[in-house]
Every structure is written in structure tokens, then in C-alpha cells.
Amino acid sequence: MSALAASSSSPAPTVRVGIGCFVVDPENHPGQILLGTRKGSHGAGKLALPGGHLEMNESWESCAAREVLEETNLTLANLRFFNVTNDVAIDGNPLKHYVTVFMVGEIAADSAALQNMEPHKCESWNWLTWADVLAVFEDTPERLFEPMRNLIATLRRAEPAFLGDR
């Protein structure tokens, strides 16, 4: 047991799995991704993809589809794996260690309209280009949710190929 775990009467910290989903809409928002400003949880005030925690026995695809629907009212098609990051000590907190799985999904043709379904958790949803996201990363990186910052660093700032499919 680590010294950190032994010093607390609470259960030992565990690594959690988070899912972040790049939502794309090549028809109406070519070359853009959907980002929201988080509220009320770790990462409050930061730009983040729709997503959340992987539940027991849930596939990455099911989790991404569920979280996007719960948060944005959108249903997805062509949902697929994109990348993964190991996010240790998020926001400097040694008890927040996540493996974040990044997925990509296109808005389904029969999807309902975009709506902020959890206004207590997200200020608003906005479409941004990769250049917009990189500008935030370069100018005020603290405005991006840490797993997103880690992903951008992993990609060496390169635009994801799925944004070129327009």
C-alpha cells in the first residue's frame, strides 16, 4: 500500500476511466468539434469534450454514446476509438488519476437538436475549430480540461485526421 493510501482512513485511491468524445458534424459544422465549459466538478471553468466515467461492464462506445446523449441530447453514428491519455494528478491533486479514452462520433442523421441537458454541469456547448482549441492551448492552457491538454501534447498539436474528413 502506498504511503498516501496508508495515511488516510478512506479506501485506497484508485485509477478511474474517463471517456471524452469528439462530436463532429461534417454537414453543418465541418472541421469543428463540440466543447463545453465545465461547472461544479473537477475541471470547473475549463473547456472539455462531452464525456464522463466508464461504468462497470460498459463498452467505450456505449459510454461515449450515453454520455453524449445525457449531456447534449445528440445521438451518434460511426462511433470509434481515437486515442488515450494517462492523466496523473489532475489539477495537482494526487488522488485524481484517470486513464482517459478519447472517442469520435458523428451526429446521427436522425439525432435531436443540440441542447444543454445538464446546465448544472456545463455552462454551454460551442463548436470550435482545431485552430481555436490550439489558440487556447497556446495562450491560456489552464482553460482546457487537463486530459484535453495532455491529448494535444501527445498529438504534438497536429490536427486529428478525422477533422480532415470533410
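Since we're looking at a predicted model, the values are computed, not measured.

## Structural notes on a nonpolar patch on the surface
And then number 1: A contiguous nonpolar surface patch, about 270 Å² in accessible area, is contributed by Trp60, Phe81 and Val84.
And then number 2: Position of Phe81 among the secondary structure elements: in strand β5 (residues 76–87).

## Re the sheet that holds β5
And then number 1: The strand order across the open sheet formed by four strands is β4-β1-β6-β5, and the pairing between neighbours is mixed. Edge positions in the sheet fall to β4 (51–53) and β5, since each has one partner strand and no second. Neighbouring strand axes in the sheet, compared pairwise and without regard to direction, differ in orientation by 20° on average.
And then number 2: The sheet contact formed by β5 and strand β6 (residues 98–107) spans nine bridges and is antiparallel. In the strand pairing of β6, Thr85 is matched with Thr100.

## Quick word on the pattern of salt bridges
And then number 1: With the rule as written, the count across this model stands at nine salt bridges.
And then number 2: In this structure, the salt-bridge partner of Glu146 is Arg149, at a minimum N-O distance of 3.6 Å. Of this pair, Glu146 and Arg149 both sit in helix α4 (residues 146–154), three residues apart, which is roughly one turn of the helix. Residues Glu146 and Arg149 agree in their burial class; the two are buried.
And then number 3: Salt bridges linked by common partners bring Glu55, Glu58, Arg66, Glu67 and Glu70 together as one network.

## Looking at the confidence of the model for the chain
And then number 1: On average, residues of the chain score 91 in pLDDT, and 93% of them reach the 70 mark or higher.
And then number 2: When the criterion is pLDDT under 50, residues 1–6 qualifies, and its contacts beyond four places in sequence or with other chains add up to six contacts.

## Overview of the nonpolar core
And then number 1: Ranked by size, the top nonpolar core spans 21 residues in total, and within it Phe22, Ile33, Trp130, Val133, Leu144, Met148 and Ile152 carry the most contacts.
And then number 2: When residues of this core are traced back to their parent elements, those giving at least two are β1 (16–24), β2 (32–38), β6, α3 (130–139) and α4.
And then number 3: Here the element with the most residues in this core is α3; it accounts for five residues.
And then number 4: Not counting the four nearest positions on each side in its chain, Leu144 is found in contact with Lys46, Leu47, Val133, Val136, Phe137, Arg149 and Ile152.
And then number 5: Judged by nonpolar contacts, the second largest core, of 14 residues, contains Ile19, Val101, Met103 and Trp125.

Quick notes on the rules
- Residues numbered from 1 in each chain as written.
- Predicted model: local features only at pLDDT ≥ 70, side-chain atom pairs only at ≥ 80, totals over all residues.
- Heavy atoms only, no water.
- Patch = residues over 30% accessible without salt bridge, like charges linked within 9 Å, V, L, I, M, F, W, Y side chains within 5 Å.
- Areas by Shrake-Rupley, 256 points an atom, 1.4 Å probe, with all protein chains shown as cover.
- Salt bridge = Lys/Arg side-chain N within 4 Å of Asp/Glu carboxyl O.
- Helix = DSSP H or I, 4+ residues; strand = E, 2+ residues; numbered from the N terminus.
- Pairing = 2+ DSSP bridges.
- Axes fitted to C-alpha atoms, helices over the stretch in contact; angles between N-to-C directions.
- Buried < 20%, exposed > 50% of the residue type's maximum accessible area, 1.4 Å probe, protein only.
- pLDDT = per-residue confidence, 0-100.
- Contact = heavy atoms within 4.5 Å.
- Core = buried A, V, L, I, M, F, W, Y, C linked by side-chain atoms within 4.5 Å.

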